[in-house]
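Structural characterization, general
If you want the building blocks of each chain, they are given just below.
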Amino acid sequence: MCVSIKTYVQGGVATIEIARPEKKNALTMAMYTAMAEAIRAAEADPAVRALLITGQPGVFTSGNDLEDFMQRPPTGPEAPVFQFMQALTHCTKPVVAAVTGAAVGIGTTMLLHCDLVYVADEARLAMPFVSLGLVPEYGISLLLPRLAGHVKAAEKLMLGEPFGAAEAVEMGIANAVLPASEVLNHARRMAERFTQLPPTAVRETKRLLRAGTRTALDATILAEIDLFARQLRSPEAREAFQAFFEKRKPDFSTFA
Ligand code: COA
């Protein structure tokens, strides 16, 4: 059991709550494993009609735990982060996200694998992979340009430009912006709507909606993981991570 991931099933909805507020909900390997297990359990439980992923007030998740990345970098498909990615992207039941606050890195990329996404008005989203010496992950290099166009994707992925809830809606990443105090209840109500619908029709519709990108998406996720794992071991990433923990600006001026 992982104390930083709370899971419970209520009224046909399986909730996965990321709960490590003292580290801004940064995701450790144990947390990825717990989330992957929770998704698989929800998938196998016929009483579950929808999943709801949420964070804490003010933070959805600050992405991968950077200390974990430095100490125990994921090397390939058996890594917990990859297990989580696979479980979510292949989940056949509807997944609703309540983005309760900051969503960084995989905190943002995982949203493109959810079916309905509601964002708190105060939330800031960012995919700062490049500034960490890394490359995009979780299929975002395929999905974001398709959704928002190349130049928008370049701004968010090459420059790592943060954005707000309204822009997330504009880009097609989220359905709606809600006051922070209402986002979780709203997302839950939307998840509960699936409990009133015929489950096979819902699942087949989800499959059809994803079918056009399925093969390319699976291949992109794998290709990104290879590059990501290589970059994680790079001097660029080492400098970026050290700078984060030393609370200073990274210095890439000497890199070729
Ligand atoms: N990994 C590990 N620790 C993290 C973390 C992460 N991804 N995000 C935050 N933390 C830790 C901080 O080190 C700090 O720990 P400390 O109290 O022991 O010093 C604590 O969480 C609070 O974070 P802080 O940065 O002070 O909060 P903030 O409200 O000023 O900023 C964020 C919140 C999310 C904007 C900021 O923490 C951030 O940018 N985090 C890194 C995000 C990131 O790069 N993720 C990886 C993407 S691949």
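Now for a description of the structure that goes with this document. Values in this document were obtained by computation on a predicted structure and should not be read as measured data.

This next bit is on helix H8 (residues 183-193). Three or more residues of H8 are buried, namely Val 183, His 186, Ala 187, Arg 188, Met 190 and Ala 191. Those residues of H8 hidden inside the fold are in contact with strand E1 (5-10), strand E2 (13-18), strand E3 (50-54), strand E5 (95-99), strand E7 (116-120) and strand E10 (176-178).

It is worth spelling out the packing of aromatic side chains at this point. Taken as a whole and judged by the stated rule, the model has seven aromatic pairs. Consider the rings of Phe 69 and Phe 228, whose centres lie 5.5 Å apart with planes at 50°: the pair is tilted. A residue pair is termed long-range when its members are at least 10 positions apart, and Phe 69 in helix H2 (residues 66-71) and Phe 228 in helix H9 (residues 199-232) qualify at 159 residues. Phe 69 gets classed as buried once you look at its relative accessible area, which sits at 8%. When the ring of Phe 244 is compared with that of Phe 245, the centres are 5.1 Å apart and the planes differ by 75°; the resulting orientation is edge-to-face. Feature note: the residues Phe 69, Phe 129, Phe 228 and Phe 241 constitute an aromatic cluster, connected by ring pairs.

Formed by 82 residues in total, the largest nonpolar core has its most connected members in Phe 84 and Met 110. Each residue touching Met 110, except ones within four places of it in the same chain, is listed here: Leu 27, Ile 53, Phe 60, Thr 61, Phe 84, Leu 88 and Tyr 138.

Cut-offs applied
- Residues numbered from 1 in each chain as written.
- Predicted model: local features only at pLDDT ≥ 70, side-chain atom pairs only at ≥ 80, totals over all residues.
- Heavy atoms only, no water.
- Buried < 20%, exposed > 50% of the residue type's maximum accessible area, 1.4 Å probe, protein only.
- Helix = DSSP H or I, 4+ residues; strand = E, 2+ residues; numbered from the N terminus.
- Contact = heavy atoms within 4.5 Å.
- Phe/Tyr/Trp six-rings, centres within 6.5 Å; stacked < 30°, edge-to-face > 60°.
- Core = buried A, V, L, I, M, F, W, Y, C linked by side-chain atoms within 4.5 Å.

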